[in-house]
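# Results of the structural survey
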Amino acid sequence: MTLRRRALLTTFGLTAIGTQLLPLAQTNISPKSAIVKPRRLQVGDTIALINPAAFNYKKEIEDFFKVIEKLGLKVKLGEHFYDRYGYLAGKDADRAADVNAAFADDSVRAIFTGMGGWGCARILPLLDYNIIRNNPKIIMGFSDITALLLAIYAKTNIVPFHGPLGASTWSPFTVDYVKKVLFEGGSITMQNSQSVQVQTIGRGTARGKLIGGNLSVIAAMVGSAYLPEWENSILFVEEVGEEVYRIDRMLTQLKLAGILDKISGFIFGQCTKCEAEKPQESLTLPQVLSDHIRPLNIPAWYGSMVGHIREQFTLPIGLEVEIDADSGTIKLLESAVS
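Residues numbered from 1 in each chain as written. Predicted model: local features only at pLDDT ≥ 70, side-chain atom pairs only at ≥ 80, totals over all residues. Heavy atoms only, no water.

### Things to note about the packing of helix α10 (residues 244-256) against helix α11 (residues 285-293)
Where α10 contacts α11, the axes come no closer than 9 Å and their chain directions differ by 15 degrees. Looking at the two axes, α10 sits roughly parallel to α11. Handedness of the crossing formed by α10 with α11: right-handed. Here α10 contributes Val244, Ile247, Asp248, Leu251 and Thr252 to the contact with α11, which in turn contributes Leu285, Val288, Leu289 and His292. Classifying every residue of the contact of α10 with α11 by side-chain character gives six nonpolar, two polar and one charged. (Axes fitted to C-alpha atoms, helices over the stretch in contact; angles between N-to-C directions. Helix = DSSP H or I, 4+ residues; strand = E, 2+ residues; numbered from the N terminus. Parallel < 35°, antiparallel > 145°, perpendicular 65-115°, else oblique. Left-handed = near helix turned anticlockwise from the far one by under 90°. Contact = heavy atoms within 4.5 Å. Nonpolar A, V, L, I, M, F, W, Y, C, P; charged D, E, K, R; others polar.)

### Section: the pairing of strand β15 (residues 329-332)
In the sheet, strand β7 (residues 189-191) pairs with β15 via three bridges, with the strands oriented antiparallel. Bridging from a neighbouring strand, Thr189 pairs with Lys331 of β15. Alignment of strand β14 (residues 320-324) against β15, held across four bridges, turns out to be antiparallel. Bridge pairing links Ile323 to Ile330 in β15. (Pairing = 2+ DSSP bridges.)

### Some words on the sheet that holds strand β9 (residues 205-214)
If you walk across this open sheet you meet the eight strands as β7-β15-β14-β9-β10-β11-β12-β8, and the pairing is mixed. Looking at which strands have only one partner, the edges of the open sheet turn out to be β7 and β8 (199-202). Neighbour to neighbour, the strand axes of the sheet diverge by 30 degrees on average, direction disregarded. Pairing geometry for β9 and strand β10 (residues 233-240), over six bridges, is parallel. In the sheet register, Gly212 faces β10, and the bridge partner there is Phe236.

### Quick word on the pairing of strand β11 (residues 265-272)
Burial analysis of β11 places seven of its eight residues in the buried class, the great majority of the element. Remark: the β10/α10/β11 crossover connection has right-handed handedness. Relative to strand β12 (residues 300-302), β11 runs parallel, the two being bridged by three bridges. Along β12, the bridge assignment pairs Phe268 with Tyr302. (Buried < 20%, exposed > 50% of the residue type's maximum accessible area, 1.4 Å probe, protein only. Right-handed = clockwise from strand over helix to strand, strands pointing away.)

### Thoughts on the nonpolar core
Membership of the largest hydrophobic core comes to 108 residues, with the highest contact counts inside it found for Phe112, Leu182, Phe266 and Phe268. In terms of residues, this core owes the most to one element, helix α7 (residues 145-156), which gives eight residues. Beyond its immediate chain neighbours, meaning those up to four positions away, Leu182 contacts Arg40, Leu41, Phe112, Ile138, Met140, Phe161, Thr314 and Val337. (Core = buried A, V, L, I, M, F, W, Y, C linked by side-chain atoms within 4.5 Å.)

### Considering the state of the cysteines
For the structure on display, the rule yields one disulfide. At a sulfur-sulfur separation of 2.2 Å, the disulfide partner of Cys271 is Cys274. On the sign convention where negative is left-handed, the bridge of Cys271 and Cys274, at about -85 degrees about the S-S bond, is left-handed. We classify Cys271 as buried; its relative accessible area is 12%. The exposure class of Cys274 is buried, given its relative accessible area of 7%. (Disulfide = S-S within 2.5 Å.)

### Topic: unusual backbone geometry
Its identity as a non-glycine residue notwithstanding, Asn232 has a phi of 55 degrees, on the positive side. Mapped onto the elements of the fold, Asn232 is located in the loop between α9 (215-221) and β10. Although it is not a glycine, Lys273 adopts a positive phi angle of roughly 55 degrees. Position of Lys273 relative to the elements: it lies in the loop between β11 and α11.

### Let's talk about the packing of aromatic side chains
Per the stated rule, a full pass over the model turns up 12 aromatic pairs. Pairing Phe64 with Phe65 gives two aromatic rings, centres 5.5 Å apart and planes at 65 degrees, and the pair type is edge-to-face. As far as the burial class goes, Phe64 and Phe65 line up, both buried. Positioned over the ring face of Tyr85 is Lys91, at 4.9 Å from the centre of the ring. (Phe/Tyr/Trp six-rings, centres within 6.5 Å; stacked < 30°, edge-to-face > 60°. Lys NZ or Arg CZ within 6 Å of the ring centre and 35° of its normal.)

### Quick word on the environment of Ile330
Mapping Ile330 onto the fold places it in strand β15. Taking C-alpha positions, Ile330 is 33 Å from Pro125, a pair spaced 205 residues apart along the chain. Setting aside chain neighbours within four positions, we find Ile330 in contact with Ile188, Thr189, Met190, Leu210, Ile267, Trp301, Ser304, Leu315, Val321, Glu322 and Ile323.

Everything listed is a geometric property; what it means functionally is a separate question.
In structure tokens:
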């Protein structure tokens, strides 16, 4: 890392804050409550970079710092960002303290996350949702960060963002959507690039609050107090490294939990490295999606640019959207930021 880029990085302390916070068990916000939009990003703002789940190798996020510099932003690293505890980025209490401190820090305008992997669910009871609720900020990530995003939305009604991690590729396509959603705050329509085709499962259009993330993470959270209400929502999911029968099992879990019966639309993003080990003895992913989603008679499609891929959308969780399953588009009906 060059001296010039290193000068952009500082570390924010959180020991004093973290040791004073007690786990809170607030009930979820009513789904009828108004959503809380975080302030939009502007050139010159400072973002916090934290690792609430797995750890990063420094080389994995070198490109991230270059992109952030080009966007005109500065970075504060969480005190425990480079910690290691097995496959986690430090102990649970320390990772949670980084989240709490980032929200409490008045100099931080947004919170980005370095890596997914596993670990966010472990810290959900340690977060101070009062601090988070009183300091609404952009927080973005995907994969295992799904647990953190959904918990924050469920507990505070703050709009979080399913988008790139620090370790993501940050392609021009990805950066463009980050700018359109987080900086410009436009009521945009998201559509796949011409090279990525969608497969319609159920035709038509629908409106609802956009809620979702990584399928296995959502399935693992079923029955907890950290999922939002699903009534009349547009559910989007993505997955990586799961065989088709596992996708079937997770969708079955959502069905048995009553979630699929409540949604008004469904989007399956990309399923990266999800090929069956024995294709001749397996259903295909389109077959599994058809089995679960077609009987719902809702607009739905497969192949949206969401997930563990080079080019991806930035999706605001909790925002009202309109989807068109025939064209595979997601239209934001209002700005996601204030």
